[in-house]
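Summary of structural features
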Protein chains: 2
Amino acid sequence: MEKLSRNSRVVAITKSLIENPNKVIGLNKFSDLLNAAKSTISEDIVIVREVLEKLHMGRVETISGAAGGIRFINGISEENKDNFGEQLCELLRDPSRIVPGNFIYMTDLMYNPQIIGKAGVILSEYLGKEKVDYVVTVETKGIPLAYEVAKNLGVELVIARRDNNKVTEGPTVTINYVSGSSGKIQQMSLSKKSLKKESRCIFVDDFLKGGGTAKGINDLLKEFECELVGIGVLVDHTGAETKLVENYYSIIDLKNVDKNGVVDLQPSTNKNI
Amino acid sequence: MEKLSRNSRVVAITKSLIENPNKVIGLNKFSDLLNAAKSTISEDIVIVREVLEKLHMGRVETISGAAGGIRFINGISEENKDNFGEQLCELLRDPSRIVPGNFIYMTDLMYNPQIIGKAGVILSEYLGKEKVDYVVTVETKGIPLAYEVAKNLGVELVIARRDNNKVTEGPTVTINYVSGSSGKIQQMSLSKKSLKKESRCIFVDDFLKGGGTAKGINDLLKEFECELVGIGVLVDHTGAETKLVENYYSIIDLKNVDKNGVVDLQPSTNKNI
């Protein structure tokens, strides 16, 4: 391939990094792709790193050693994070979202890539401070968010199922757990193939009320000899009377939906961390 | 903000485009973000466009008029697409994937962002040729793939549920459908709030055998006065005796799993389109 200009090389490097967050990419890969010396690529990377940091668009880390290279950690500025929280609150306050039983309809938001893409970056910044092997969720509403967090952290997603009769899952482990808010007994299952022993997992979901599901996930992970090292949700129902878990991150604090359907919420303070 | 060099501006423009595929971004936005004249930004965009096209990393389209700007359409080279298909076949041939009943365990692949990210680009290239308003799937295994296709096409995802007793969904529409392979009657539900009338939808799933689910989605969409304009799956079970749908895209053609667990598959030829 013909030689490319520096302008062109930095575009290609940026695209490769952004599509592979938290994955170490050797400089050789860029050298081959762009037909340039490693020293030239190193200079290109300095430019990419500087502008992404300046514009609060994430960080580029250098990993030294034989298996070394560079790694992109996605990020968002404090200002954009605050704006995102406010916008989300505004959307959730819309009275037309109230459905019978005084619940807030938020499925469209949980499945909107523009919204969940940003929420995934925010939660992965919080939860990626520790070493993480898997992101775990339980079907269905939290799946896109958990997927985005897994993608940003460069790890696999694992989804617990509500029923355990799926022939394509192979042998499964099923646990019973008690919903923290309703006290109802529920089940969740996970294929025995889904997790490696002694893995460090985080749990991501759409909504945390009593924390029964999070506690259930904790119990399920123990069956796999795995550890729950973090929890992140889009909405924390802070108005819930009991919480079966502590130390979790959220993006929105929901205090209450009153009987007239007026929604009391705000961007999370994450004070309990 | 201080002025940035061209090298730095093209990095920032590339990141913004890649994170918002198929969304029109006005040049003003870049002008403001990067403190540069629109004419300068236009020159930057030419560079970004040229290198992405040269390296088969996608296209940058210009939309003229008052609501105009530029739009990034993600893409992958034919060579990378072929390599991806071959690698996926290799992974699926692994005998340790066979679970009781002679099914192939592929859940880990369906939830792996590195794999599903690429598969999503490939399916969105096929399915994005027509105007699309929503990507529709049915829980659970196809959700990450459907989400990636929706993200690449810049539209919302809609997920039909297997049970219709979710209080947070509001009023729902439920249909019965017949599995194309087993003949078993099943249900799926969708919140009445999830789709706007007269929308054009594509259906994305992990696996297509008899096509009963795809036909069920077609029936469900009719209840919303919406149209099914395309179907894409990761694996097409070409060995299935009957197909209730035609004209769909797939990435892998699975012919057969014999009684010794030997898997006969290949990258899809998509001959039936």
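Along every chain, residues carry numbers that run from 1 in the direction the sequence is written. Each chain takes a letter, starting from A, and each ligand takes a number, starting from 1, following the order in which they are written. Note on the predicted model: pLDDT of at least 70 is required for a residue's local features to be given, and 80 or more for side-chain atom pairs to be given and counted; whole-chain, interface and lining totals, by contrast, use all residues. Each side-chain value is derived from all of the structure's non-hydrogen atoms; neither hydrogens nor water enter the calculation.

The next thing to look at is the overall build of chain A. What chain A contains, in helices and strands, is 8 helices and 12 strands. Its C-alpha atoms give chain A principal-axis dimensions of about 65 × 45 × 30 Å. Residues classed as buried in chain A amount to 55% of the 273 residues present. Any two residues whose heavy atoms approach within 4.5 Å are treated as being in contact. Of all intrachain contacts in chain A linking residues separated by at least 6 positions in sequence, the fraction that spans at least 24 positions is 60%. The sign given to each residue is positive for Lys and Arg and negative for Asp and Glu; His and the chain ends receive no count. A charge is said to be at NZ when it belongs to Lys, at CZ for Arg, at CG for Asp and at CD for Glu. Side-chain charges of chain A comprise 35 positive and 36 negative groups, with the mean position of each set lying 3 Å from the other. The secondary structure listing takes helices from DSSP runs of H or I that are at least 4 residues long and strands from runs of E that are at least 2 residues long, numbered from the N terminus. Remark: exposure states derive from per-residue accessible area (1.4 Å probe, protein chains only) relative to the maximum for the residue type, with buried under 20%, exposed over 50%, and partly exposed in between.

Let us look at the sheet that holds strand S9 (residues 200-208) of chain B. Residues and elements named next belong to chain B. A pair of strands is labelled paired if DSSP reports no fewer than 2 bridges between them. Within the open sheet, the 6 strands sit side by side as S6-S5-S9-S10-S11-S12. Their pairing is mixed. Both edges of this open sheet fall to strand S6 (156-160) and strand S12 (263-267), since each of them pairs with a single strand only. When the angles between neighbouring strand axes are averaged without regard to direction, this sheet yields 25°. When strand S5 (residues 134-138) meets S9, the two strands line up parallel, connected through 3 bridges. Looking at S9, one finds that Tyr134 is bridged to Cys201. Axes here refer to lines fitted to C-alpha atoms; in helices the fit is confined to the stretch in contact. Angles between the N-to-C directions go from 0 to 180 degrees. Sheet contacts for helix H6 (residues 113-127): S9, strand S10 (227-237) and strand S11 (249-257); angle to S11, the most-contacted strand, approximately 115°.

With that out of the way, let us pick up empty space enclosed by the protein. Residues and elements named next belong to chain A. Here a cavity denotes grid points, spaced 1 Å and computed from the protein atoms alone, that fit a 1.4 Å probe unable to get out, and a pocket denotes an open set having protein on both sides within 12 Å along at least 5 of 7 lines; residues with an atom within 4 Å of a point are the lining. Grid points are joined across faces, edges and corners, and a volume is the space filled by probe spheres set on the points. In the structure shown here, the tally under the stated rule is 1 cavity of 30 Å³ or more. Within this model, the largest cavity holds a volume of roughly 40 Å³. Taken together, Arg161, Asp163, Asn164, Asn165, Lys166, Glu169, Thr172, Ser189, Leu190 and Ser191 make up the full set of residues lining the largest cavity. At 3 residues, strand S8 (residues 185-191) tops the list of elements feeding residues into the lining of the largest cavity. Three categories are distinguished: nonpolar for Ala, Val, Leu, Ile, Met, Phe, Trp, Tyr, Cys and Pro, charged for Asp, Glu, Lys and Arg, and polar for the others, with Gly belonging to the last. Classifying every residue of the lining of the largest cavity by side-chain character gives 1 nonpolar, 5 polar and 4 charged.

The term salt bridge refers to a side-chain nitrogen of Lys or Arg lying within 4 Å of a carboxyl oxygen of Asp or Glu. Under the definition given, this model contains 35 salt bridges over all chains. The residue Lys151 of chain B makes a salt bridge to Glu148 of chain A at a minimum N-O spacing of 2.6 Å. Within this pair, whereas Lys151 of chain B is found in helix H7 (residues 143-153), its partner Glu148 of chain A is found in helix H7 (residues 143-153), the two belonging to separate chains. Here the salt bridges share partners, and the residues they tie into one network are Arg6, Arg9, Glu43 and Asp44 of chain A.

Moving on, we get to the side chain of Lys141 of chain B. You can see Lys141 of chain B is positioned in the loop between S5 and H7. Side-chain polar atoms of Lys141 of chain B contact the side chain of Thr168 of chain A, separated by 3.0 Å. Excluding residues that lie within four positions of it along the chain, Lys141 of chain B makes contacts with Arg161, Thr168 and Glu169 of chain A together with Thr107, Met110, Tyr111 and Asp206 of chain B. Between N or O atoms, a polar contact is any pair within 3.5 Å; within protein, one atom must be a potential hydrogen donor and the other a potential acceptor, and residues adjacent in sequence are included only when both atoms are from side chains.

What follows is about the domain arrangement of chain A. It is common to report an interface's size as the accessible area lost on association of the parts. All names here are of chain A. The split into domains, and so the bounds of each, comes from an automatic or database assignment of domains. Splitting chain A by domain gives domain 1 (4-72) and domain 2 (76-265). Between the C-alpha centres of domain 1 and domain 2 there is a distance of 33 Å. Counting residues at the interface gives 4 residues for domain 1, matched by 6 residues for domain 2. Accessible-area loss on putting two parts together, using a 1.4 Å probe and summing over both, is the definition of buried area adopted here. Counting each side, the surface lost to burial between domain 1 and domain 2 is near 440 Å², with a carbon and sulfur contribution of 49%. For domain 1, the biggest contributors to the area lost against domain 2 are Pro21, Asn22 and His56; these three give 76% of the whole. Counting across the domain 1 and domain 2 interface gives 0 salt bridges.

Residues and elements named next belong to chain A. As summarised here, the arrangement of the 6 strands in space is S6-S5-S9-S10-S11-S12, forming an open sheet in which the pairing is mixed. The two strands at the open ends of the sheet, each matched to only one other strand, are strand S6 (156-160) and strand S12 (263-267). Taking each pair of neighbouring strands and ignoring which way they run, the sheet shows an average axis angle of 25°. Alignment of strand S5 (residues 134-138) against S6, held across 5 bridges, turns out to be parallel.

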